[in-house]
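Each chain, written out:
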Amino acid sequence: MEKCIYNGKTLYAYEVLQNFEFEKVIRKCPTLICCDCGASVFFRHGKQRTECFVHKHKEECRYGDYCRKQSEIFKHAQRELTVHLQRIAEQHNYQLEEDVMIIPAHYTAFVLRSVSVSYAIDIIDSAATTATLEKHKNMYLQKGYQYLQITVDKNAEHESFSERTMAYLPVKFALNESLNHTALVIDKEYRTWSIYILDKTNISTEYELMPYVLYNDTFAMSISLDDLNINNLGFYTASSNDAYNSFCQTRKQAYVEWTHEQEKILKQTQIEMENEHKRAEQQRLEKERITVEIRVQRQQAEATKKKAEEEAKEQRQLKEIQKFAQIHTETGGYIGAKVKGEYQIFTLEEIASEFPKTCISKKYSITDFKERIKKMQEYRYTETKILFTKMCYISSEEKEILLEIYNELKESHSDIVNDIEYLMKNAGIV
Ligand SMILES: [Zn+2]
């Protein structure tokens, strides 16, 4: 046990060693009592053991249990800190007490009290759970204490790291929940001291893309407890404060540069995307233009081909008509179908002597007659035969029309007029 009651006052084990004569008195003193259960205790100090008080008989005692369960590193940290907290207490007119029960069923390692502020300082090792840390913090706050933590870490950090990658919960808790985002840490193996301070500024959701100087948001450095001090926010050392301020400044500058760089990249990307969009649009328009061009070319080619075909057809027809005219001039005949490569030739008498086999029911207008007569002028046997058939079955109305045409032809001295007259005679019209 770290303390006992001696002559009605609290006596700490480390105080005993300060004076040899006093140590002799305390070693023999039969009236030392436990500050919790009131049972008799004695002072013990050997080569292997740190000085402490021990119950004379086995007692059921909360304070005894608490001291017995403390780890070596815990005891070491408490003993080492005592000297420095005494110095700080004297400097700021605080009262220092150790192992005080200010919240139920829990001994607080150190309490620093002044008129204006009280600090409750716990030594935390891996036994602490989130629930315990939260509970204790809230209870301390309710009772008007500022809560500070000394944390035992397996491998204490000496260089900046990322709070997100810190796997050890008590450190994370101190970094996030303490007033100045500070963790005071002792290395479990080497027993060196470090201070960690979380820089809460420049927190970005894109932290994984950030350079290390921004990604590592927790400042860490080795400290000497000789420099340790306390202000209204908690633990600090003058050198750690300077280094931390410089750390923050560097990060701030890096953040400005990084965001500037990100903006540039974003702007560049936007420009590239716009250019790409323009290029794609141009390609699309060009493709469309080519498609239209090809379509127009194809249509033009088709039109040219069609025109050439029509011209060729017209030529063929014209040649045929000329051929018919020539044959008619030479023979006076009308042309029928081609048989064995030769045109059949019928005289007008042959056409007019044939008794028509077809009945033409269509009623002929003036246009129909003129059309027939025009085609007949091409000396076609079929056309002449159809006209003759119509004449054989002509109505009185049609007859009048035909006669009118016939008179017009006569006046115009057309070559066809004799042929028409011949057919009309044979059909019995005139
Ligand atoms: Zn006791």
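Residues numbered from 1 in each chain as written. Predicted model: local features only at pLDDT ≥ 70, side-chain atom pairs only at ≥ 80, totals over all residues. Heavy atoms only, no water.

Caption draft 1: Spotlight on the environment of Gln-91. By the element assignment, Gln-91 lies in helix α4 (residues 72–92). A relative accessible area of 48% places Gln-91 in the partly exposed class. With 48 residues separating them along the chain, Gln-91 and Met-139 place their C-alpha atoms 28 Å apart. (Helix = DSSP H or I, 4+ residues; strand = E, 2+ residues; numbered from the N terminus. Buried < 20%, exposed > 50% of the residue type's maximum accessible area, 1.4 Å probe, protein only.)

Caption draft 2: Molecular detail of the nonpolar core. Core analysis: the largest hydrophobic core is formed by 51 residues, its most contacted members being Phe-53, Ile-121, Trp-193 and Phe-235. Examining the composition of this core, we find that seven residues originate from one element, α4, more than from any other. Each of domain 1 (1–69) and domain 2 (70–255) contributes no fewer than three residues to this core. Among residues more than four places away in sequence, those in contact with Phe-235 are Leu-85, Ile-121, Leu-148, Ile-150, Asn-180, Thr-182, Leu-184, Ile-195, Leu-228, Asn-229 and Ile-230. Core analysis: the second largest hydrophobic core is formed by 30 residues, Tyr-334, Ile-351, Leu-387 and Ile-420 among them. (Core = buried A, V, L, I, M, F, W, Y, C linked by side-chain atoms within 4.5 Å. Domains from an automatic or database assignment. Contact = heavy atoms within 4.5 Å.)

Caption draft 3: Focus on the coordination of the zinc ion. The protein atoms that coordinate the zinc ion are Cys-34 (SG), Cys-37 (SG), His-55 (NE2) and Cys-61 (SG), at distances of 2.1 to 2.3 Å. Classification of the site at the zinc ion rests on its four donor atoms, whose angles at the metal span 95 to 114°, yielding the label tetrahedral. Read from N- to C-terminus, the donor residues coordinating the zinc ion fall into the pattern C-x2-C-x17-H-x5-C. Linking Cys-37 in the loop between α2 (20–28) and β3 (41–44) with Cys-61 in the loop between β4 (52–55) and α3 (62–69), this pair joins segments that are 24 residues apart in sequence. Note on Cys-37: relative accessible area 36%, which makes it partly exposed. Given the relative accessible area of 4%, Cys-61 is considered buried. (Donors = N, O, S within 2.8 Å, 3.2 Å for Na, K, Ca; no water. Tetrahedral: all angles 85-135°; square planar, octahedral: opposite > 155°, others 65-115°.)

Caption draft 4: Examining the domain arrangement of the chain more closely. Looking at the chain, the domain boundaries give domain 1 (1–69), domain 2 (70–255) and domain 3 (336–427). A separation of 126 Å is found between the C-alpha centroids of domain 2 and domain 3.

Caption draft 5: Region of interest: the side chain of Glu-2. Structurally, Glu-2 can be placed in the segment before β1 (3–6). Relative accessible area serves as the criterion here: at 9%, Glu-2 is assigned to the buried category. Excluding residues within four positions of it along the chain, Glu-2 makes contact with Leu-11, Tyr-12, Ala-13, Tyr-14, Phe-53, Tyr-63, Cys-67, Gln-78, Arg-79, Glu-98 and Asp-99.

Caption draft 6: Up close: the state of the cysteines. Overall, the coordinates contain zero disulfides when judged by the stated rule. The cysteine Cys-52 is free of any disulfide, with Cys-67 supplying the nearest cysteine sulfur at 8.3 Å. (Disulfide = S-S within 2.5 Å.)

Caption draft 7: Main features of helix α10 (residues 366–376). Every buried residue of α10 is listed here: Phe-369, Ile-373 and Met-376. Down the axis of α10, the buried side of the element spans an arc of 60°, and every buried residue falls inside it. Projecting away from the buried face of α10 at angles above 90 degrees are the exposed residues Thr-367 and Lys-374. Looking at the buried residues of α10, the elements they touch are β14 (334–339), α11 (381–392), α12 (396–411) and α13 (417–427). (Arc of directions from axis to C-beta.)

Caption draft 8: Geometry of the packing of α11 against α13. Between α11 and α13, the least distance of the axes is 9 Å, while the angle of their chain directions is 40°. Judged on the interaxial angle alone, α13 and α11 are oblique. As α11 packs across α13, the resulting crossing turns out to be right-handed. Across the interface between the two elements, Thr-384, Leu-387, Phe-388, Met-391 and Cys-392 from α11 touch Ile-420, Leu-423, Met-424, Asn-426 and Ala-427 from α13. (Axes fitted to C-alpha atoms, helices over the stretch in contact; angles between N-to-C directions. Parallel < 35°, antiparallel > 145°, perpendicular 65-115°, else oblique. Left-handed = near helix turned anticlockwise from the far one by under 90°.)

Caption draft 9: Layout of the packing of aromatic side chains. One pass over the structure, following the stated rule, counts 19 aromatic pairs. Between Tyr-6 and Phe-22, the aromatic rings sit 6.0 Å apart at their centres with planes inclined by 65°, giving edge-to-face as the arrangement. With Tyr-6 in strand β1 and Phe-22 in helix α2, this residue pair connects regions lying 16 residues apart in the sequence. Accessibility expressed as a relative area gives 18% for Tyr-6, which makes it buried. When the centroid spacing of 6.0 Å and the interplanar angle of 80° are considered together, the rings of Tyr-94 and Tyr-119 count as edge-to-face. With Tyr-94 in the loop between α4 and β5 (95–103) and Tyr-119 in strand β7 (residues 118–124), this residue pair connects regions lying 25 residues apart in the sequence. Tyr-119 shares its class with Tyr-94; the two are buried. (Phe/Tyr/Trp six-rings, centres within 6.5 Å; stacked < 30°, edge-to-face > 60°.)

Caption draft 10: Inspection of the pairing of strand β11 (residues 218–223) at higher detail. In terms of burial, β11 is a largely internal element, five of the six residues being buried. Across six bridges, strand β10 (residues 193–198) lies against β11 in antiparallel orientation. Residue pairing in the sheet places Ser-194 in a bridge with Ser-222 of β11. (Pairing = 2+ DSSP bridges.)

Caption draft 11: Expanded view of α3. All of the buried residues along α3 are Tyr-63, Gly-64, Tyr-66 and Cys-67. Each buried residue of α3 sits inside an arc of 160° when the element is viewed along its axis, so together they form one side. With respect to the buried face of α3, the exposed residues turned more than 90 degrees away are Arg-62, Arg-68 and Lys-69. As for α3, its buried residues are in contact with β1, β4, α4, β5 and β6 (106–113).

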